[in-house]
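# Tertiary structure, described
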Amino acid sequence: MDPSLARREERRIARETRRASFPYLKTLEEFDFTFQTSIRRQALGPYLGPELVSGGRNLILCGPPGVGKTALSIALAYKAIQHGARARFVTCTELIGELVQARAKGEWEAVLCGYLEPEVLVIDEVGYLSYGPYAANVLFPVVDKRYLRGRRPMLLTTNKDPQEWGAVLHDADLGAAILDRLLHRGEILKLVGRSYRRYRPGQLSDAAEASAGKGGEVPERA
Ligand code: ADP
Ligand code: MG
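Numbering of residues starts from 1 in each chain and follows the order in which that chain's sequence is written. To label them, take the chains in the order written and letter them from A, then take the ligands in the order written and number them from 1. Whole-chain, interface and lining totals are the exception, using all residues; otherwise, since this is a predicted model, local features are given only for residues with pLDDT of at least 70 and side-chain atom pairs are given and counted only at 80 or more. Based on all heavy atoms of the structure, the side-chain values leave hydrogens and waters out of the count.

## Side note on the nonpolar core
Most often, soluble globular proteins keep nonpolar side chains buried together rather than apart. In this structure, L99, W165 and L169 are the most contacted members of the largest nonpolar core, which totals 33 residues. Each helix is a run of DSSP H or I of at least 4 residues and each strand a run of E of at least 2, with the numbering of both proceeding from the N terminus. Among the secondary structure elements, those contributing two or more residues to this core are helix 4 (92-105), helix 5 (108-116), strand 3 (120-126), helix 6 (135-149), strand 4 (154-158), helix 7 (165-168) and helix 8 (172-184). Tallying contributions element by element places helix 6 first for this core, with seven residues. Not counting residues within four places of it along the chain, the set of residues in contact with L99 comprises W108, V111, L112, Y115, V138 and V142. Within the second largest apolar cluster, 32 residues are counted, among which are F31, F33, Y47 and I74. Only buried residues count toward a nonpolar core, which is a set of Ala, Val, Leu, Ile, Met, Phe, Trp, Tyr and Cys residues joined through side-chain atoms within 4.5 Å. Remark: exposure states derive from per-residue accessible area (1.4 Å probe, protein chains only) relative to the maximum for the residue type, with buried under 20%, exposed over 50%, and partly exposed in between. Residue contacts are counted whenever heavy atoms from the two residues lie within 4.5 Å of one another.

## Observations regarding the packing of helix 4 against helix 6
Orientation is described by lines fitted to C-alpha atoms, with helices fitted over the stretch in contact, and by angles between N-to-C directions that extend from 0 to 180 degrees. Helix 6 packs onto helix 4 with a crossing angle of 95° between their chain directions and a minimal axis gap of 9 Å. Classified by the interaxial angle, the pair formed by helix 4 and helix 6 is roughly perpendicular. Within the contact between the two elements, helix 4 uses L95, I96, L99, V100 and R103 and helix 6 uses A135, N137, V138, L139 and V142. Among the residues forming the contact of helix 4 with helix 6, the class breakdown is eight nonpolar, one polar and one charged. Should an angle lie under 35 degrees it is considered roughly parallel, over 145 roughly antiparallel, and from 65 to 115 roughly perpendicular; all remaining angles are considered oblique. Here the nonpolar group is Ala, Val, Leu, Ile, Met, Phe, Trp, Tyr, Cys and Pro; Asp, Glu, Lys and Arg are the charged ones; every other residue, Gly included, is treated as polar.

## Overview of the sheet that holds strand 1 (residues 58-62)
A pair of strands is labelled paired if DSSP reports no fewer than 2 bridges between them. With respect to topology, five strands assemble into an open sheet ordered 2-3-4-1-5, the strand pairing being parallel. In the strand order of this sheet, the two ends are held by strand 2 (87-91) and strand 5 (186-190), each with one partner. On average, each strand axis in the sheet is tilted by 15° relative to the strand beside it, whichever way the strands run. As judged from the five bridges shared by strand 2 and strand 3, these two strands associate in the parallel manner. Directly across from T91, in strand 3, lies its bridge partner D124. Where helix 4 meets the sheet, it contacts strand 2 and strand 3, and its direction lies at approximately 90° from that of strand 2.

This is the structure we're talking about:
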């Protein structure tokens, strides 16, 4: 590639990475698949290339804390940026809070647009906190409109079985409708295993750590 084009491309990637508002940057190359063995890199194949966007594919990463759900969602969104897409990262709590406020202030369309425009939307931590009564009503239009536009992939992480989202969002019907749209061109990948936060490879074993009086906890959010 022409060096000036390569520099421009580097600047674009850096700019889009800042705009995506990732809580931290993790690349797929940095993700340790020898620690997280419940998912194989090959299983992520459909989410790694430009076809993530061209095929409008969705992915729900499901599992307990620390197994790498957020890290993988960031790594996949970053790959999409490298392939030329725009991405946005938001927690489910932030998204619901912002949309509920926007509705009250008459700014619904503008704020909703901000969640429809980026080619890739990461919604992190669905079901971690309890949401207010309007949760499903504001989340549904985001999922539905992105689904109808066809090429608007969503990457979601959750600690709950997605079948329980209806209860989490206070609306069983909308919860089912949200899941139905996501899974039409998408799938659920379940991650299991130990928390990377607590048992980083190379650290003392948990038993040794406990006897040394250390938690081994890395201060970072779930
Ligand atoms: P959660 O499943 O709770 O979302 P995270 O993805 O936030 O967990 O992972 C917690 C921390 O551990 C992050 O700093 C993340 O980058 C790191 N991490 C988790 N799993 C791996 C892994 N397999 N390889 C490298 N880093 C990992
Ligand atoms: Mg997380």
